[in-house]
There are 2 protein chains.
Amino acid sequence: MSKATVSMEHLYRVFTQPENDDSTLAKIEKHLSNNLADFLSQHVVTKKSSLEDIEKDFSLPFIPEHPEFVSEHAEVLLDKLVSHSVNTSSPTFIGHMTSALPYFHLPLSKLLVGLNQNLVKIETSKAFTPLERQTLGMIHQLVYEQSSEFYHEYLHSANHSLGAFCSGGTVANITALWVARNHILKAADGFRGVGQDGLIAAYRHYDIQNLGIISSRRGHYSLGKAADLLGIGRRNHLTLPCPQQTLDPELVLTVGRRYIESGNKVLAIVGVAGTTETGHVDPLDELADVAKQLDCWFHVDGAWGGATLFSSTHRSILKGIEKADSVTIDAHKQMYVPMGAGMVLFKDPHHSSAVKQHAQYILRKGSKDLGSTTLEGSRNGMAMLVYSSLHILGRRGYQLLIDRSIELAGTFASLIEKHDEFELITAPKLSILTYRLRPSWLQDMSELPTAKQIAINELLNELTVTVQKQQREAGKSFVSRTRIEVEQHKNCVLTVFRVVLANPLTTEKDLENILEEQLEIANLQRNWRYLVEQNKNTLQLNANIDTVG
Amino acid sequence: MSKATVSMEHLYRVFTQPENDDSTLAKIEKHLSNNLADFLSQHVVTKKSSLEDIEKDFSLPFIPEHPEFVSEHAEVLLDKLVSHSVNTSSPTFIGHMTSALPYFHLPLSKLLVGLNQNLVKIETSKAFTPLERQTLGMIHQLVYEQSSEFYHEYLHSANHSLGAFCSGGTVANITALWVARNHILKAADGFRGVGQDGLIAAYRHYDIQNLGIISSRRGHYSLGKAADLLGIGRRNHLTLPCPQQTLDPELVLTVGRRYIESGNKVLAIVGVAGTTETGHVDPLDELADVAKQLDCWFHVDGAWGGATLFSSTHRSILKGIEKADSVTIDAHKQMYVPMGAGMVLFKDPHHSSAVKQHAQYILRKGSKDLGSTTLEGSRNGMAMLVYSSLHILGRRGYQLLIDRSIELAGTFASLIEKHDEFELITAPKLSILTYRLRPSWLQDMSELPTAKQIAINELLNELTVTVQKQQREAGKSFVSRTRIEVEQHKNCVLTVFRVVLANPLTTEKDLENILEEQLEIANLQRNWRYLVEQNKNTLQLNANIDTVG
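About the criteria used
- Residues numbered from 1 in each chain as written.
- Chains lettered and ligands numbered in written order.
- Predicted model: local features only at pLDDT ≥ 70, side-chain atom pairs only at ≥ 80, totals over all residues.
- Heavy atoms only, no water.
- Helix = DSSP H or I, 4+ residues; strand = E, 2+ residues; numbered from the N terminus.
- Contact = heavy atoms within 4.5 Å.
- Expected span 1.5 Å × (residues − 1).
- Buried < 20%, exposed > 50% of the residue type's maximum accessible area, 1.4 Å probe, protein only.
- Buried area = accessible area lost by both parts, 1.4 Å probe.
- Salt bridge = Lys/Arg side-chain N within 4 Å of Asp/Glu carboxyl O.
- Polar contact = N/O pair within 3.5 Å; in protein donor to acceptor, adjacent residues only side chain to side chain.
- Pairing = 2+ DSSP bridges.
- Axes fitted to C-alpha atoms, helices over the stretch in contact; angles between N-to-C directions.
- Least-squares fit on C-alpha atoms with pLDDT ≥ 70 in both.
- Phe/Tyr/Trp six-rings, centres within 6.5 Å; stacked < 30°, edge-to-face > 60°.

Q: Residues and numbers for the environment of Val500(A), please.
A: All names here are of chain A. Topologically, Val500 is positioned in strand β11 (residues 492-500). Between the C-alpha atom of Val500 and that of Gly279, which follows or precedes it by 221 residues, the distance is 8.6 Å. The contacts of Val500, once residues within four sequence positions are left out, are Ile94, Gly95, His96, Met97, Trp304, Ser431 and Ile432.

Q: Quick one: what's the story with helix α9 (residues 169-184) of chain B, residue by residue and with numbers?
A: Compared with an ideal rise of 1.5 Å per residue, which puts 16 residues at 22 Å, α9(B) spans 22 Å between its outermost C-alpha atoms and is within 8% of the ideal. Across the 16 residues that make up α9(B), a large majority, 15, are buried.

Q: An account of the interface of chain A and chain B is requested, with residue identities and associated values reported.
A: The interface of chain A with chain B comprises 165 residues on the first partner and 166 residues on the second. Note on chain A versus chain B: buried area summed over both sides is about 15,000 Å², and carbon and sulfur give 66% of it. Remark: the boundary between chain A and chain B carries 12 salt bridges. Among the ionic pairs, Asp228(B) bridges to Arg181(A), the shortest N-O distance being 3.0 Å. Between chain A and chain B we count 58 residue pairs in polar contact (both at pLDDT 80 or more) in total.

Q: I'd like a rundown of the environment of Glu423(A), residues and numbers included.
A: All names here are of chain A. Inspection of the secondary structure assignment puts Glu423 in strand β8 (residues 422-426). In this structure, the C-alpha to C-alpha distance between Glu423 and Leu437, residues 14 residues apart in sequence, is 6.1 Å. One polar contact links Glu423 to His489, side chain to side chain, over a distance of 2.7 Å.

Q: Explain the sheet that holds strand β6 (residues 326-330) of chain B to me, using residue names and the numbers behind them.
A: Residue and element names in this part refer to chain B. The mixed open sheet is built from 7 strands, whose spatial order is β1-β7-β6-β5-β4-β2-β3. Pairing within the sheet leaves two strands with one partner each, and these edge strands are β1 (163-166) and β3 (237-240). Neighbour-to-neighbour, the strand axes of this sheet turn through a mean angle of 20°, independent of strand direction. Relative to the sheet, helix α7 (residues 128-144) contacts β1, β6 and β7 (342-346), its axis offset from that of β7 by approximately 65°.

Q: For the relation of the copies chain A and chain B, give the residues involved together with the corresponding values.
A: When chain A is fitted onto chain B, the two copies agree to an RMSD of 0.0 Å after a turn of 180° and an axial shift of 0.0 Å. Such a combination of rotation and displacement between the chain copies is what one expects of a two-fold axis. Looking at chain A, 100% of its interface residues are interface residues in chain B too, so the copies touch through the same face.

Q: Outline the packing of aromatic side chains, supporting the account with residue identities and numerical values.
A: All names here are of chain B. Taken as a whole and judged by the stated rule, the model has 20 aromatic pairs over all chains. Aromatic side chains Phe93 and Phe478 sit 6.3 Å apart centroid to centroid with 35° between the ring planes, which places their arrangement in the tilted category. Linking Phe93 in the loop between α5 (70-81) and α6 (105-115) with Phe478 in the loop between α16 (450-474) and β10 (480-486), this pair joins segments that are 385 residues apart in sequence. When its relative accessible area of 14% is taken as the criterion, Phe93 is described as buried. Phe478 sits in the buried class, given a relative accessible area of 2%.

Q: Describe in detail unusual backbone geometry, supporting the description with residues and values.
A: Phi at Tyr336(A) is positive, roughly 60°, even though this residue is not glycine. For Tyr336(A), the location among the structural elements is in the loop between β6 (326-330) and β7 (342-346). Taking relative accessible area as the criterion, Tyr336(A) reaches 2% and is therefore assigned buried. Its identity as a non-glycine residue notwithstanding, Asp189(B) has a phi of 50°, on the positive side. Structurally, the position occupied by Asp189(B) is in the loop between α9 and α10 (194-197).

Q: Explain the pattern of salt bridges to me, and be specific about the residues and the numbers.
A: All names here are of chain B. Applying the stated criterion across every chain, the model contains 48 salt bridges over all chains. Between Arg217 and Glu485 there is a salt bridge, with its nearest N and O atoms 3.2 Å apart. Here Arg217 is found in the loop between β2 (211-216) and α12 (221-229), whereas its partner Glu485 is found in strand β10, with 268 residues between them in sequence. As a salt-bridge pair, Asp228 and Arg234 come within 3.4 Å of each other at their nearest N and O atoms. With respect to burial, Asp228 and Arg234 carry one shared label: buried.

Q: Please provide a residue-by-residue account of the pairing of β6(A), values included.
A: All names here are of chain A. The buried fraction of β6 amounts to 5 of the 5 residues, a majority that puts the element mostly inside the structure. Here β6 shows two buried faces, one formed by Ser326, Thr328 and Asp330 and the other by Val327 and Ile329. Where strand β5 (residues 297-301) lies against β6, 3 bridges are found, and the strand directions are parallel. Across the sheet, His299 pairs through a bridge with Ser326, a residue of β6.

Q: An account of the pairing of β7(A) is requested, with residue identities and associated values reported.
A: Residues and elements named next belong to chain A. Among the 5 residues of β7, 5 are classified as buried, and the element is accordingly described as predominantly covered. Residues of β7 alternate between two faces, with Gly342, Val344 and Phe346 on one and Met343 and Leu345 on the opposite face, all of them buried. Taken together, the 5 bridges between β6 and β7 define a ladder with antiparallel strand orientation. Along β7, the bridge assignment pairs Ser326 with Phe346.

Put into structure tokens, the structure is as follows:
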């Protein structure tokens, strides 16, 4: 590869002059701008490449000594990086929560980078700070529906905060539980609060053995991470079984009371509004009441499902969310904003002061610097993309998108149920569902002896893994897989296909093709063929699946 | 404003069709692409607007019901947001660490958004995962200079990690101290580690009263935030005085030993490589030795100054950084990458396993999913912009940029020292310096009675605030201000101008103009005029500055 000359003149050009119109990078950009789908279908190679092969292209640990020409570097990116990326916007890639984006995000993202604001403080963000506050206010209003007077008082108040932008749902959940911890273990009678004096002093002052977080087993892994980070320990994250996929309020009450009786305190109940695995929504309204009875914080992780509030058709599924002390919503999921737009909202605008901080050159007292109550420091202006989306799509636009996703999930569920060789494992509450391949004669497994059921499930678990992998590697479509315990299978843990119907460009035909492809792959597996050829009476199956076939 | 029709057809167009070439948004983008500086100078209004006035444009807490046309929305953005943003790339805005960006980041950022990968797991990132690992490896090699064999073994190992990308230096510092805490309070003899069993159990198991973090008072505010978040408490962040702007290793040893003797344990010493306020570098080599003596973790916060390692001319200033257990470097500072590119590096690739986590549908054991050892969950592919910068600028390009910044800071220091009415407060070690206005006859204040010195300093502190604010509001240029204790002023806390010479487009003439403008503003202040007209013998000054003039 030829090298650019190292000189200040060259660097000056890099900082001040765009690439020529006929340069590789300019052409890439033009292609992206004119037809993103075409650009991706041309450049993202769908053929199988092992990760090990790709790694070979990214294995040198040395920083190149000499500059490369931009266009030559752009060729390398196309060849080695773009070609082996994931086409997240493809209508047939329905296995993850990252979906297609509206076109306007491309030029707006460029504007964002061109402005390169830093939202940590007014000095480097100016109008972006009120814009971010307003955006948080709009989402706060969507969740909590407070009065105009309420927002007039708090939206731009230097001493209050309706929430925080952050890179994603994980940081949002951690922030919520951090605020909760510091609020519950606050300063009193000579004790200066957990933030100041630490957890040991706090437990001593409040005479508690441990702080606990209660959620279902479907709670996001960021909750365990929060328990670790905040010092309360993962074993104090009490994850309750949920064979019906939602948290049982009575069980929470029982477990919570028992926990308290042992000298502990419940920090928070976390209700999930749209679990990552199955899209189920915990009974938020009842959980809010239990939180009151246990005298603890109530957090709702609506990273995925929070956007359902845009739909007047479906928002009742989230009834009770307005009782939550804090709520997480990711705009980069069902709000179709590029990656990196998490939000946490606080019902009470005073609560965020539990984590307030100041510094000399920044975040001075009385300032409106957003950094004084965020976990992160320097941050970019992603709020602009959320703000723009709210305006360009409008509540009704979002409603249409949400309604369509839920409808499409229903359609897919029907396709699966009508199909002899597929079994719907969890029906969609929102737009996520799980299913698996299962021979038609096995429609009702309950009559089989338990050992046989276990053996069959193990066989089917393996099959699901194989089919999911091979389908992904074939590159035409992508569904993900997960493992969940399911009531109708005696609380066994099953490996299942998981789909997320979020892409507005996905059609019913795409879904039919995906099932067909899965069946084709399965028909090439001898375990599957063996199972299909059996029936209840002939089935000879050891618990040891290795002996099959 | 006219409203777009709400229909799936309309939404389908929003997702699949770019704006017409003659639309407002397309024109904005073209202007950005062809001449960013011109776009900003035309659209960022420099006239004074109070924050309260700007807030009026961002005060509605309601999500618009109906969609807006993209072009009409783009007009609003230009008018209300862009016009009141901060021109961070202007050569005369030398008050913050956010600077001009090389042009190639504009089209590359668009590519990044178009690809919309999620780096939390391979499934949604594929080649971006090895690319991020390689980028971390290159920066690791820059810091630690390990052998090719070392990187061959660890760069792509599923069970190891050379570091983590994160949104910024704050999350990087928190991650480093989280790993340090979990490593030091690790599982042993029935205790399952602090992450699992919590801080109380850990202190009990290891028989310690408290964990402490030692840094100078110049340590970044994220260290206090980490102490709060991790449960050790801000009062266990021991911030030592540093009248010479750097941490004194002997003082650290003394304070650390005393802390340990009281039944505590030192978690970490944090050395700063480029303080935010003055750009000073702590004596890393000696601090590393003290960390050994105190048997604790050694973290280097090189968010700002870490990039000095690119320069063979100046990298010796950071001598000893290679002994650090962990190092923070922000690519969005002196690496000229857009906001949102923090990194933490770990000397020992095993250490990050102290915070490892798994989940069912993601981060499975043995996977190379990056999310298993990061504080954040879903993240975008910012690593690509760092990777591209390393290639397009090369080590030598970065060296030129770093050398030029340090040289320019030296030039500015000379300008200030030659000027009768300015006082250099801290000379630049890297490319940050502080200074203030001070009448020429006050060159040596030490002969004055202490009360008079205090009164004068209070007067000058006020003046600095006024001049800094008025200069910012005038909109032509921007320097920031901070408060630091200074040895040559008997450890008094002074308010000073702070400049960061990072923009390669800033000229000596720009710097002369900035001083001239500050003097002009000062000459309009009666306090300043009063002071200038005095001399040592005539000065009548009460400690109460309100009586002056």
